[in-house]
Amino acid sequence: MNSEATLNAQSHALDHGSSIEHWAMNRAHQIVVHQGMRLIEAAQSLDRKQTSANTYALRAAIMECLIEAMKDGPHPAAAE
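Description of the structure in this document. (Residues numbered from 1 in each chain as written. Predicted model: local features only at pLDDT ≥ 70, side-chain atom pairs only at ≥ 80, totals over all residues. Heavy atoms only, no water.)

Brief notes about helix 3 (residues 48-72)
Residues separated by three or four positions in an α-helix point in the same direction, a consequence of the helix having 3.6 residues per turn. Relative to the 36 Å expected for 25 residues at 1.5 Å per residue, helix 3 spans 35 Å between its end C-alpha atoms, a close match to the ideal helical length. Buried within helix 3 we find N54, L58, A60, A61 and C65. The secondary structure elements touched by the buried residues of helix 3 are helix 2 (20-44). (Helix = DSSP H or I, 4+ residues; strand = E, 2+ residues; numbered from the N terminus. Expected span 1.5 Å × (residues − 1). Buried < 20%, exposed > 50% of the residue type's maximum accessible area, 1.4 Å probe, protein only. Contact = heavy atoms within 4.5 Å.)

As structure tokens, then:
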């Protein structure tokens, strides 16, 4: 699992001129590590309430990422 410093570096990949594909892969990884693992743990413990809450949190994280990509994603001229 990545350290918090590594995750922060990955989330700022756009600042370093990386491609949209690299940025998207890093963001997807962050979402899976943080939200996906919480969802898995709740489901394994058969906690319906927490599973539902974590499902919502995972969807919200994906939506936020998509909005971020539309607002702040690299533009074709900036992508390498």
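With respect to the pattern of salt bridges
One pass over the structure, following the stated rule, counts 1 salt bridge. When the shortest N-O distance is used, the salt bridge between E68 and R27 registers 3.2 Å. In this pair, E68 is assigned in helix 3 and R27 in helix 2, connecting sequence segments 41 residues apart. (Salt bridge = Lys/Arg side-chain N within 4 Å of Asp/Glu carboxyl O.)

Some details on helix 2
For helix 2, with 25 residues, the first-to-last C-alpha span of 34 Å sits near the 36 Å given by 1.5 Å per residue. For helix 2, the principal kink sits at G36 and spans about 35°. For helix 2, the full list of buried residues reads W23, N26, R27, Q30, I31, V33, Q35, G36, L39 and A42. L46 sits one or two positions beyond helix 2 and adopts a positive phi of about 60°. (Bend = angle between axes of the 7 residues up to and from the residue.)

Quick look at the nonpolar core
The biggest cluster of nonpolar side chains holds 6 residues, and these are W23, I31, L39, L58, A61 and C65. For this core, the elements supplying multiple residues, two or more each, are helix 2 and helix 3. If near-sequence neighbours (up to four positions away) are discounted, A61 is found in contact with I31 and Q35. (Core = buried A, V, L, I, M, F, W, Y, C linked by side-chain atoms within 4.5 Å.)

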